[in-house]
Amino acid sequence: MQNNILTPKACEILNITHETDLEYTFRIATDIVPEHGQFLQLSLPKIGEAPISVSGFGAGYMDFTIRSVGKVTDEVFNLQPGDKIFLRGAYGKGWPVEKFKDKHLVIVAGGTGVAPVRSMINKFYNEENYVKSLNLIFGFKNESGILFKNELAKWKDRFDTIYTLDSGEKEGWEQGLVTNHLSKLPLNSFEDNYEVVIVGPPIMMHFTAIEMLKLGVPEEKIWVSFERKMSCAVGKCGHCRIDETYVCLEGPVFNYTKAKNLLD
């Protein structure tokens, strides 16, 4: 019998990693295999549900890096390994990974925006020649907000990285917003064979995209991801609708040619 993508399934929490005081990564047992950049609906009976991007996946599990910001996520933070949480999905359009093959790729992410690109970066780490090169510019508010510390160190050894803090100092890290460091990218050496991914708060994506355009990056080479007010995940409730676009159906990944009219 075919699985019903609208039916939540009870799944066991395998382990929980405390990334920061406000962000935990939950590894959940499931046989669902998503695309990089998709999201699922996580729910607790009598509490509610929330759309969460997949931050990692493998044989028999998925990772969700969750920030405690509301009723549902606050309750999720009370769960322990062995407890059950309900999943439905996967939903939405993920990263065009095939389009990135054999190209130079730039990923600019801010804060929890690193989560939706984490699984894709690990794919490129494990498949060394999938992309020609990978440049990462990641920004966090301060040292206490840094996510995925072990993986950031691992990626730094393999890829061209700029890690920056909005405020405070940390050895080996830059200071200032990610937009301050975009001019350091070797875009000219890529000729025309590259793509750019931007993920973070809407205002960060807006200004980062504008700066990329100033550097000569064509709109069609820019990709963003955002979960603007998604609720039902199947285009029925209308919460995420912007004009005629349903973010949950056509996103969360958009090409900037479309996204420029959707970003707040």
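Residues numbered from 1 in each chain as written. Predicted model: local features only at pLDDT ≥ 70, side-chain atom pairs only at ≥ 80, totals over all residues. Heavy atoms only, no water.

## Structural notes on helix H4 (residues 149-158)
Reasoning step 1: Glu-151, Leu-152 and Trp-155 are the residues of H4 that are buried. Take H4 and look down its axis: the buried residues cluster within an arc of 105°, on one side only. Opposite its buried face, H4 presents the exposed residues Asn-150 and Asp-157, each directed more than 90 degrees away.
Reasoning step 2: Residues of H4 that are buried sit in contact with helix H3 (115-126), strand E9 (133-140) and strand E10 (160-165). (Buried < 20%, exposed > 50% of the residue type's maximum accessible area, 1.4 Å probe, protein only. Helix = DSSP H or I, 4+ residues; strand = E, 2+ residues; numbered from the N terminus. Arc of directions from axis to C-beta. Contact = heavy atoms within 4.5 Å.)

## Looking at the confidence of the model for the protein chain
Reasoning step 1: Residues of the protein chain with pLDDT of at least 70 account for 88%, and the chain-wide mean is 88.
Reasoning step 2: Below a pLDDT of 50 lies the segment residues 232-236, which in the model reaches 15 contacts outside its immediate sequence neighbourhood of four places, other chains included. (pLDDT = per-residue confidence, 0-100.)

## Thoughts on the packing of H3 against H4
Reasoning step 1: Their axes nearest at 11 Å, the elements H3 and H4 cross at an angle of 40°. For the element pair H3 / H4, the angle class is oblique. Crossing of H3 over H4 shows left-handed handedness. Within the contact between the two elements, H3 uses Arg-118, Ile-121, Asn-122 and Tyr-125 and H4 uses Glu-151, Lys-154, Trp-155 and Arg-158.
Reasoning step 2: The residue inventory of the contact of H3 with H4, partitioned by class, reads three nonpolar, one polar and four charged. (Axes fitted to C-alpha atoms, helices over the stretch in contact; angles between N-to-C directions. Parallel < 35°, antiparallel > 145°, perpendicular 65-115°, else oblique. Left-handed = near helix turned anticlockwise from the far one by under 90°. Nonpolar A, V, L, I, M, F, W, Y, C, P; charged D, E, K, R; others polar.)

## So, the packing of aromatic side chains
Reasoning step 1: According to the stated counting rule, one finds twelve aromatic pairs in the structure shown.
Reasoning step 2: Here the aromatic rings of Tyr-125 and Phe-159 are separated by 6.2 Å at their centres, their planes lie at 80°, and the arrangement is edge-to-face. Of this pair, Tyr-125 sits in helix H3 while Phe-159 sits in the loop between H4 and E10; the two residues are 34 residues apart in sequence, bridging distant segments of the chain.
Reasoning step 3: Consider the rings of Phe-138 and Trp-155, whose centres lie 6.2 Å apart with planes at 75°: the pair is edge-to-face. With Phe-138 in strand E9 and Trp-155 in helix H4, the pair connects residues that are 17 residues apart, well separated along the chain.
Reasoning step 4: By relative accessible area, Phe-138 is classed as buried at 0%.
Reasoning step 5: Aromatic ring contacts, followed pair by pair, group Phe-138, Phe-140, Trp-155, Tyr-163 and Trp-173 into a single cluster. (Phe/Tyr/Trp six-rings, centres within 6.5 Å; stacked < 30°, edge-to-face > 60°.)

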